Amino acid sequence: MPSTTLLGQALISGVLAGGMYGLLALGLSLSWGLLRLVNLSYFALAFLAAYLTYELGTTYHVEPWWSAVFIVPSMVAIGVVQYWVFDKFKVNELASLLITFSFAVILEVVIQLYWTADYRRFETHYSTLSIKAGPFYIPVLELVLCLVAGALAWGTWLWLRKTYVGKALRASAEDADIAAAYGVDHKKLAYLLSGISAGYAGVAGTFIALIATLAPAQIWAWLGVVFAVVIIGRLGNPLGALFAGMLIGASESLAMAVMSPAWAPVVSFSVLIVILLWDPDWL
């Protein structure tokens, strides 16, 4: 049986890793829950943002936060263009999944053509910084990631529930025709939400560049677990996505500490299966 210190460190690491899951799940949860579009290309956009952060940092020595100032608005613009395509061609929920999966594959090829399939790492002087709290160590970058993810999730939750735009989006998701009868312009709001969701992928990509080793095929490494996080956290629920991400991250980390790393991928889908069997109407 692992020591208490090891279990505590595993729990801390898992919760922090769950912050990344929650941040990656945020855009997909909003798009799927409020627009009824399953946009799998957010994973590819996140890695494109990560590679751009890497390129700007290693070639032009631009600090990551300055890179984000350029990259995140670019992702927002891509999200708006994507929704224009969805709207113009009347793409439904299932078709959006297939189309965006294809778009992600194309982006993976583009990334590989430019940056090759070699592993790349963006080394910074603060990448190894950590805070010592008793016997535990808290990585600074992962802590900042969790704080940013929490701020975005909380801010988005408040925006959806306290503002006219957020209430209008939720009303449109429930019944677009009735919402339109009350003057809600669903199309304009959908462009806004699609852009914001893609922007969240850009934020996630900036952190991916700082804490992970990059390779084009890793676009798919987090797809399964984040997909499970979105469903466990319930569609269109930003705080649910964050808490579900932390739950899965902590569960995976403890499973690796107590059993073996091979059990980590089993955790998220086991939790998902239990929830859906317990409550088939969870979605």
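The rules behind these values
- Residues numbered from 1 in each chain as written.
- Predicted model: local features only at pLDDT ≥ 70, side-chain atom pairs only at ≥ 80, totals over all residues.
- Heavy atoms only, no water.
- Helix = DSSP H or I, 4+ residues; strand = E, 2+ residues; numbered from the N terminus.
- Expected span 1.5 Å × (residues − 1).
- Polar contact = N/O pair within 3.5 Å; in protein donor to acceptor, adjacent residues only side chain to side chain.
- Core = buried A, V, L, I, M, F, W, Y, C linked by side-chain atoms within 4.5 Å.
- Buried < 20%, exposed > 50% of the residue type's maximum accessible area, 1.4 Å probe, protein only.
- Contact = heavy atoms within 4.5 Å.
- Axes fitted to C-alpha atoms, helices over the stretch in contact; angles between N-to-C directions.
- Parallel < 35°, antiparallel > 145°, perpendicular 65-115°, else oblique.
- Left-handed = near helix turned anticlockwise from the far one by under 90°.
- Nonpolar A, V, L, I, M, F, W, Y, C, P; charged D, E, K, R; others polar.
- Patch = residues over 30% accessible without salt bridge, like charges linked within 9 Å, V, L, I, M, F, W, Y side chains within 5 Å.
- Areas by Shrake-Rupley, 256 points an atom, 1.4 Å probe, with all protein chains shown as cover.
- Salt bridge = Lys/Arg side-chain N within 4 Å of Asp/Glu carboxyl O.
- Pairing = 2+ DSSP bridges.

Chemist: Got a sec to walk through helix H4 (residues 93-115)? Specific residues and values, please.
Modeler: In a regular helix each residue adds 1.5 Å, so 23 residues correspond to 33 Å; H4 covers 32 Å between its end C-alpha atoms and thus fits that length. Near the N-terminus of H4, the side chain that reaches the backbone nitrogen of Leu94, with its oxygen 3.4 Å away, is that of Asn92. Backbone geometry just downstream of H4 places Thr116 in the positive-phi region, at approximately 65°.

Chemist: Explain the nonpolar core residue by residue, including any values.
Modeler: If you look at soluble globular proteins, the nonpolar side chains tend to sit buried side by side. In terms of nonpolar packing, the biggest core is built from 61 residues, with Ile208 and Val226 touching the most fellow members. The greatest single-element share of this core, amounting to 11 residues, is contributed by helix H2 (residues 41-59). Once you skip the residues sitting within four places of it in the chain, Ile208 turns out to touch Met20, Leu24, Ala46, Phe47, Ala50, Leu214 and Trp222. Among the nonpolar cores identified, the runner-up in size contains 18 residues, and Leu26, Leu30, Tyr83 and Leu189 belong to it.

Chemist: Residue-level account of the packing of H2 against H4, with values.
Modeler: The geometry of H2 relative to H4 is characterised by a closest axis approach of 8 Å and an angle of 20° between their N-to-C directions. One finds that H2 runs roughly parallel with respect to H4. At the point where H2 passes H4, the crossing takes the left-handed sense. Between H2, through Ser41, Ala44, Leu45, Phe47, Leu48, Tyr51, Leu52, Tyr54 and Glu55, and H4, the contact on the second element is made entirely by Thr100, Phe103, Ala104, Leu107, Ile111, Tyr114 and Trp115. Class assignment for the residues of the contact of H2 with H4 results in 13 nonpolar, 2 polar and 1 charged.

Chemist: A description of a nonpolar patch on the surface should follow, citing residues and the corresponding values.
Modeler: A cluster of nonpolar side chains, namely Val81, Trp84, Val85 and Phe89, defines an oily patch on the protein surface of about 410 Å² accessible area. Turning to its location among the elements, Val85 is positioned in helix H3 (residues 64-88). Take Val85: its relative accessible area is 32%, and that puts it in the partly exposed class.

Chemist: An account of unusual backbone geometry is needed here, citing residue identities and associated values.
Modeler: Even without being a glycine, Arg36 presents a positive backbone phi close to 60°. Note on placement: Arg36 falls in the loop between helix H1 (4-35) and H2. Here the phi dihedral of Lys90 falls at roughly 55°; this positive angle occurs in a residue that is not glycine. In this structure, Lys90 sits in the loop between H3 and H4. Using a relative accessible area of 66% as the deciding quantity, one classes Lys90 as exposed.

Chemist: How would you sum up the pairing of strand E1 (residues 130-133)? Please name residues and give values.
Modeler: In summary, the side chains of a regular strand alternate between the two faces of the sheet. The pairing of E1 with strand E2 (residues 136-139) spans 4 bridges and is antiparallel. Along E2, the bridge assignment pairs Ile131 with Ile138. The loop that links E1 with its antiparallel partner E2 comprises 2 residues; one of these, Gly134, has a positive phi angle of about 65°.

Chemist: Which residues make up the packing of H1 against helix H8 (residues 186-211), and what values do they have?
Modeler: The geometry of H1 relative to H8 is characterised by a closest axis approach of 9 Å and an angle of 165° between their N-to-C directions. On the basis of the axis angle, H1 is roughly antiparallel to H8. When the axes of H1 and H8 are compared, the crossing they make is left-handed. On H8, the residues that touch Met20, Leu23, Leu24, Leu26, Gly27, Leu30, Ser31, Leu34 and Leu35 of H1 are His186, Ala190, Leu193, Ser194, Ser197, Tyr200, Val203, Ala204, Phe207, Ile208 and Ile211.

So, to be careful, I would describe these as geometric facts and stop short of saying anything about function.
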